[in-house]
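A structural walkthrough
Next come the chains, spelled out residue by residue.
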Amino acid sequence: MKHFLDIADFSAEEIRGMLTLGLELKAEQKNGQSRPLLKDKVLAMVFQKPSLRTRVSFDMAMRTLGGDALYLSPQEIGLGKRESIADIARVLSGYVNVVMARVFAHDHILELAKWSSIPIINGLSDYNHPCQAMADALTIMEEFGDLKGRTVTYIGDGNNVALSLMKVVTKLGAHFRIAAPENFGLSANDIEQSLQFAQLSGGSITQFHDPSAAAEGSDVIYTDTWTSMGQEEEAKMREKVFPPYQVNQTLVNLAKPQAIVMHCLPAHRGQEITDEVADGPHSRLFIQAENRMHAQKAILINVMNGIEDDAK
Ligand code: CP
Ligand code: NVA
């Protein structure tokens, strides 16, 4: 059973293969030549948290490839409340071909995968956001050709998005920098794991507290919300800690002249990113959001056994 739960579960070759396929599928769609590679396949989308991009991009990915998608809201499913995760996984396995789930506890994604007889795709947990990272890597590839040797700098909270970005960047031979406030960085265990990816790929990881030092000479400046879903009660405290980590024009001016600015969205304009940067010439925010769909077409094809070969 092939799931898509964590970037760490895939080799650099597998990741590159999916990204290359994603770019091909994007070109096909732009030319009006999408193939029905997932004809008659149905994706169930299970959400415990709100979403715009993940919901619509997965739905459109399925439709574009000739399949269909079902949206299941938090109220309908009651993951682990109305019914056990193990039972939900086995029931859905009898109806649909693949499940994408957005959860709070990462263990819930692992539990779904444990009991499911169809592929499970992680559409974000409190721990990681691997589909986002694939779209991010695809966007950087599109811009620069390859990630190898590029410097990708994340400014802000060491959260789920930062973690998956670090994993994909170090898998693909780029240099990952993170500037986070004290006690808001990535965990030592996760950094240790990605350092091993970097050793294999020729990449590196550097941690900063000073965002200016981190931004200097970067190819990519990336940020995300200061308060993730589920941390709402910490919002006031975080609004006091994070202002020095705002991605504004002064910070972007320290990066390379051709640098791009990325954000997984939703953006909190005036907090982690200014309007000037989000709407400015370096911004790739909306291409990045669109690329969710193209990267996820490749992920869907990859996890569905037997379909992968037809797509190549
Ligand atoms: N980036 C992202 O996952 O957006 P949504 O929360 O809108 O799905
Ligand atoms: N870090 C954010 C990402 C949203 C797509 C969150 O978890 O809320």
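What counts as what
- Residues numbered from 1 in each chain as written.
- Chains lettered and ligands numbered in written order.
- Predicted model: local features only at pLDDT ≥ 70, side-chain atom pairs only at ≥ 80, totals over all residues.
- Heavy atoms only, no water.
- Pairing = 2+ DSSP bridges.
- Helix = DSSP H or I, 4+ residues; strand = E, 2+ residues; numbered from the N terminus.
- Axes fitted to C-alpha atoms, helices over the stretch in contact; angles between N-to-C directions.
- Contact = heavy atoms within 4.5 Å.
- Salt bridge = Lys/Arg side-chain N within 4 Å of Asp/Glu carboxyl O.
- Buried < 20%, exposed > 50% of the residue type's maximum accessible area, 1.4 Å probe, protein only.
- Near = heavy atom within 4 Å.
- Polar contact = N/O pair within 3.5 Å; in protein donor to acceptor, adjacent residues only side chain to side chain.
- Areas by Shrake-Rupley, 256 points an atom, 1.4 Å probe, with all protein chains shown as cover.
- 1 Å grid on protein atoms, 1.4 Å probe; cavity = no way out; pocket = protein on both sides within 12 Å on 5 of 7 lines; lining within 4 Å.
- Sits in = over half its atoms within 2 Å of the grid points.
- Nonpolar A, V, L, I, M, F, W, Y, C, P; charged D, E, K, R; others polar.
- Core = buried A, V, L, I, M, F, W, Y, C linked by side-chain atoms within 4.5 Å.
- Lys, Arg positive; Asp, Glu negative; His and termini not counted.

1. Some points on the sheet that holds strand β8 (residues 220-223)
In spatial order, the strands read β7-β6-β5-β8-β9; together these five strands make up an open sheet with parallel pairing. Since the sheet does not close on itself, it has two edges, and those belong to β7 (204-208) and β9 (260-263), each with one partner. Each strand of the sheet is rotated relative to its neighbour by a mean of 20 degrees, with strand direction disregarded. Two strands pair when backbone bridges link them, and strand β5 (residues 151-155) and strand β6 (residues 175-179) are joined in this way by five bridges, in the parallel orientation. From the neighbouring strand, Ile155 faces β6, where its bridge partner is Ala179. Helix α7 (residues 160-171) contacts β5, β6, β7 and β8 of the sheet and is inclined by roughly 160 degrees relative to β6. Along the sheet, helix α13 (residues 285-303) makes contact with β8 and β9, crossing β9 at roughly 50 degrees.

2. Some thoughts on the pattern of salt bridges
Considering all chains together, one arrives at 17 salt bridges under this definition. Close ionic contact of Lys167 with Asp6 constitutes a salt bridge, the shortest N to O distance being 3.0 Å. Taken together, the positions of Lys167 in helix α7 and Asp6 in the segment before α1 (12-30) put the pair 161 residues apart, joining distant regions of the chain. A residue is classified by how much of its surface remains accessible, and Asp6, at 10% relative accessible area, is buried. The salt bridge partner of Lys30 is Glu290, with a shortest N-O separation of 2.9 Å. Taken together, the residues Lys30 in helix α1 and Glu290 in helix α13 connect sequence positions 260 residues apart.

3. Things to note about the sheet that holds strand β4 (residues 120-122)
Taken in spatial order, the four strands make up an open sheet running β2-β1-β3-β4, and their pairing is parallel. Looking at strand neighbours, the two that pair on one side only are β2 (68-72) and β4, the edges of this open sheet. Each strand of the sheet is rotated relative to its neighbour by a mean of 20 degrees, with strand direction disregarded. When strand β3 (residues 98-102) meets β4, the two strands line up parallel, connected through three bridges.

4. What about the site of ligand 1?
Every residue close to ligand 1 is listed here: Ser51, Leu52, Arg53, Thr54, Arg102, His129, Gln132, Cys264, Leu265 and Arg292. In the model, an oxygen atom of ligand 1 is placed 2.8 Å from a nitrogen or oxygen of the Arg53 side chain. Relative to its unbound accessible surface of 250 Å², ligand 1 loses 95% to contact with the protein. The cavity where ligand 1 resides is the largest pocket. Considering only residue class, the shell around ligand 1 consists of three nonpolar, four polar and three charged.

5. Let's talk about the nonpolar core
Counting 62 residues, the largest nonpolar core has Phe4, Leu43, Ile121, Met134, Val168, Phe176 and Leu300 as its most contacted members. With nine residues, the top contributor of residues to this core is helix α6 (residues 130-144). Ignoring any residue separated from it by four or fewer positions in sequence, one finds Met134 in contact with Phe4, Ile7, Ile15, Met18, Leu19, Val168, Ala295 and Ile299. Within the second largest apolar cluster, 22 residues are counted, among which are Phe208, Leu265, Ile273 and Val277.

6. Quick notes on the side chain of Glu272
Examined against the element boundaries, Glu272 turns out to sit in the loop between β9 and α12 (275-278). We note that Glu272 is buried and unpaired, the nearest opposite charge coming from Arg269 at a distance of 8.5 Å. Among the polar contacts made by the side chain of Glu272, one reaches the main-chain amide nitrogen of His268 at a distance of 2.9 Å.

7. Regarding the site of ligand 2
Lining the immediate surroundings of ligand 2 are Leu124, Asn159, Asn160, Val161, Asp224, Thr225, Ser228, Met229 and Leu265. In the model, a nitrogen atom of ligand 2 is placed 2.7 Å from a nitrogen or oxygen of the Asp224 side chain. The separation between a nitrogen atom of ligand 2 and a polar side-chain atom of Ser228 is 2.8 Å. Taken together, the residues of the shell around ligand 2 sort by class into four nonpolar, four polar and one charged.

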